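Structural overview for review
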Amino acid sequence: MKRRDLNRSIALSLLAPAFAVHGSSAEDARATGQLVLARRRFRAWLKSLERPGMRGLYPYMARGNGAHASGLSPLASADVAIWAFSAGETDLGLKVASGLVHWQREVERQMPARVHGGLPSDFTPDGADWKPGTAFYAGDNLVCMAALARAHAASGRDEYATAALKMARWMRATLFDGRRAGVWARNYGPPMHYMTAAGAFDNSIHTTVEYLWLTALWDIDALDPQGGWAGMESEAATFLGAGQSSHGSWFSFFRPDNPRADAGKWYWYRETDVTIGDDNLRAALAAQRYGRKDQVAAFLNWLQPVDGVYVNGYLDPRTGRSKFLPGDSPYFDLVCTGLLRTLYERLGQREAAGRCGAALLRWQAEDGGWHWGRRQSDMQPLKDERAVITGVWAVGAAG
């Protein structure tokens with residue numbers, strides 16, 4: 001089997017729902033029924049967020065009573081689409097993918113040519129319409145690219161393939177090519193963090209969403225086998241594979257010493273002595289996907305989940321324990337529990353995955369969404385906000 005075909009086979013195998021509580025047959029049946037109900041309630045909550053003019057996209061956050069937040073998120077929406085395809089909700093996946101195509105065309109209509117093909121991090125209200133944001137993130141666009149490619153695989157419709165290829169070619173000419181942009185002395189393999197519509201670049205390279213979603217280039221390679229996409233993916237994955245610290249945690253980003261320097265350094269969150277729970281779990285999922293067993297083992301040895309299921313939002317990069325600022329309210333990040341459940345499932349640790357799954361079901365909000373954080377002191381919501389991405393990882397997997 002060719003490497004490209006093998007990679008795609010692996011990627012498709014990872015789309016299967018990864019949520020189960022394993023015990024007796026009766027327990028399994030009860031857990032399956034609970035999950036079906038949770039997915040139905042989550043789908044109804046997503047429906048409550050839909051408003052005229054959104055054209056298939058969803059917000060990143062929503063607050064109480066189904067009221068949508070101020071902006072639309074291509075990233076969260078693409079996660080919904082990817083989950084929907086894996087869960088057999090093809091109509092939902094195609095609706096979101098059509099929205100991504102629409103808003104990509106709106107960027108081309110409203111924004112400078114330098115960002116044509118990409119999608120910004122958000123769209124904000126502009127009267128009765130929505131205005132594209134000005135920041136175009138590599139990780140967001142990799143997830144959108146994967147969603148579009150899977151929409152093409154599910155439907156055979158060329159518009160999705162065209163949009164995915166347009167996005168990939170735009171990224172290759174901009175975010176992957178910092179040397180041409182004048183912000184890198186050489187190209188390192190992965191894309192830089194983001195660029196703006198005005199042409200400014202953040203030349204750091206992040207390990208979080210980018211590392212997990214480099215595999216979107218496998219999908220592009222299937223659409224354009226002569227484009228060199230598989231080689232790009234391999235080079236980028238090798239570089240990001242070096243982003244794990246000696247403690248087992250993952251650095252947040254790499255940054256060149258200056259735009260003319262060939263060398264650089266790895267840093268934790270905001271160059272501090274703190275790291276982020278969900279960033280680390282996404283990187284660990286990427287390492288597992290690439291078969292880096294020693295790295296995954298080192299990460300799990302570092303991570304210290306409370307009761308085996310809850311992960312602090314902010315962590316000490318050396319010990320894996322909670323590390324909040326003095327004025328912070330310590331909280332558990334529930335998307336971390338979904339990510340951890342998925343990692344355990346893919347490692348074949350079924351009992352540990354089941355405990356995480358049961359915890360997620362326990363904390364589904366009455367309206368069907370999931371609060372993204374809960375206070376350690378009393379497990380009450382940190383804020384009255386539900387995160388679309390948390391719900392996606394709670395009911396299945398988006399990667």
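All figures in this text were calculated on a predicted structure; none of them were measured in a lab.

1. Looking at the overall build of the protein
- When its secondary structure is counted, the protein shows 15 helices and 15 strands.
- Over its C-alpha atoms the protein spans a radius of gyration of 20 Å, differing by no more than 12% from the 21 Å that the globule rule assigns to 399 residues.
- Principal-axis analysis of the C-alpha atoms gives the protein an extent of 55 × 50 × 50 Å.
- For the protein, the residues scored as buried account for 58% of the 399 residues in total.
- In the protein, 61% of the contacts between residues at least 6 apart in sequence involve partners at least 24 apart.
- With an accessible surface of roughly 15900 Å², the protein has 49% of that area assigned to carbon and sulfur atoms.
- Taking the average location of the 46 positive side-chain charges in the protein and that of its 41 negative ones, the two points are 2 Å from each other.

2. Considering the pairing of strand β9 (residues 253–256)
- Note that strand β8 (residues 205–206) and β9 share 2 bridges and pair antiparallel. When the sheet's bridge partners are listed, His206 is paired in β9 with Phe253.
- Here β9 runs beside strand β10 (residues 264–267); their pairing, made up of 4 bridges, is antiparallel. Its bridge partner being in β10, Pro256 is matched across the sheet by Gly264.

3. Things to note about unusual backbone geometry
- The backbone of Arg55 sits at a positive phi, close to 55 degrees, despite the residue not being glycine.
- Relative to the elements of secondary structure, Arg55 occurs in the loop between α2 (25–49) and β1 (61–63).
- Here Met379, not a glycine, exhibits a phi torsion of approximately 60 degrees, which is positive.
- Here Met379 lies in the loop between β14 (373–375) and β15 (386–387).
- Its relative accessible area of 13% is what places Met379 among the buried residues.

4. Structural notes on the nonpolar core
- Counting residues in each nonpolar core, the largest one holds 114 residues, and the members touching the most others are Leu46, Met145, Leu148 and Trp393.
- Every residue in contact with Leu46, bar those within four places of it in the chain, is listed here: Tyr58, Val80, Leu92 and Val388.
- Core analysis: the second largest hydrophobic core is formed by 5 residues, Met61, Phe324, Tyr331 and Ala387 among them.

5. Describing the packing of aromatic side chains
- Throughout the structure, instances matching the rule amount to 25 aromatic pairs.
- Put simply, the rings of Trp184, Tyr188, Phe239, Phe251, Phe254, Trp266 and Trp268 touch in pairs and so form one group of aromatic residues.
- The ring of Trp229 carries the charged tip of Arg172 above its face, separated from the ring centre by 3.9 Å.
- The ring of Trp213 has Arg289 lying over it, and the distance from NZ or CZ to the ring centre is 5.9 Å.

6. Here's the deal with the sheet that holds strand β5 (residues 135–137)
- Taken in spatial order, the 3 strands line up as β5-β6-β7 in an open sheet, and their pairing is antiparallel. Each edge of the open sheet carries a strand with a single partner, namely β5 and β7 (201–202).
- Pairing of strand β6 (residues 194–196) with β7, which is carried by 2 bridges, proceeds in the antiparallel orientation. Its bridge partner being in β7, Met195 is matched across the sheet by Phe201.

7. Things to note about the pattern of salt bridges
- A complete count under the given rule lists 19 salt bridges for this structure.
- In this structure, Arg63 engages Glu385 in a salt bridge whose closest nitrogen and oxygen atoms are separated by 2.6 Å. Placement of the pair is Arg63 in strand β1 and Glu385 in the loop between β14 and β15, with a sequence separation of 322 residues.
- A salt bridge links Asp273 to Lys323; the shortest N-O distance between them is 3.1 Å. Remark: Lys323 occurs in the loop between β12 (314–315) and β13 (331–333) and Asp273 occurs in the loop between β10 and β11 (275–276); sequence separation between them is 50 residues.
- Look at the salt bridges and you will find they share partners, linking Lys47, Glu50 and Lys95 into a network.

Definitions and cut-offs
Residues numbered from 1 in each chain as written. Predicted model: local features only at pLDDT ≥ 70, side-chain atom pairs only at ≥ 80, totals over all residues. Heavy atoms only, no water. Helix = DSSP H or I, 4+ residues; strand = E, 2+ residues; numbered from the N terminus. Rg over C-alpha atoms; globule rule 2.2 N^0.38 Å. Buried < 20%, exposed > 50% of the residue type's maximum accessible area, 1.4 Å probe, protein only. Contact = heavy atoms within 4.5 Å. Areas by Shrake-Rupley, 256 points an atom, 1.4 Å probe, with all protein chains shown as cover. Lys, Arg positive; Asp, Glu negative; His and termini not counted. Charge placed at Lys NZ, Arg CZ, Asp CG, Glu CD. Pairing = 2+ DSSP bridges. Core = buried A, V, L, I, M, F, W, Y, C linked by side-chain atoms within 4.5 Å. Phe/Tyr/Trp six-rings, centres within 6.5 Å; stacked < 30°, edge-to-face > 60°. Lys NZ or Arg CZ within 6 Å of the ring centre and 35° of its normal. Salt bridge = Lys/Arg side-chain N within 4 Å of Asp/Glu carboxyl O.

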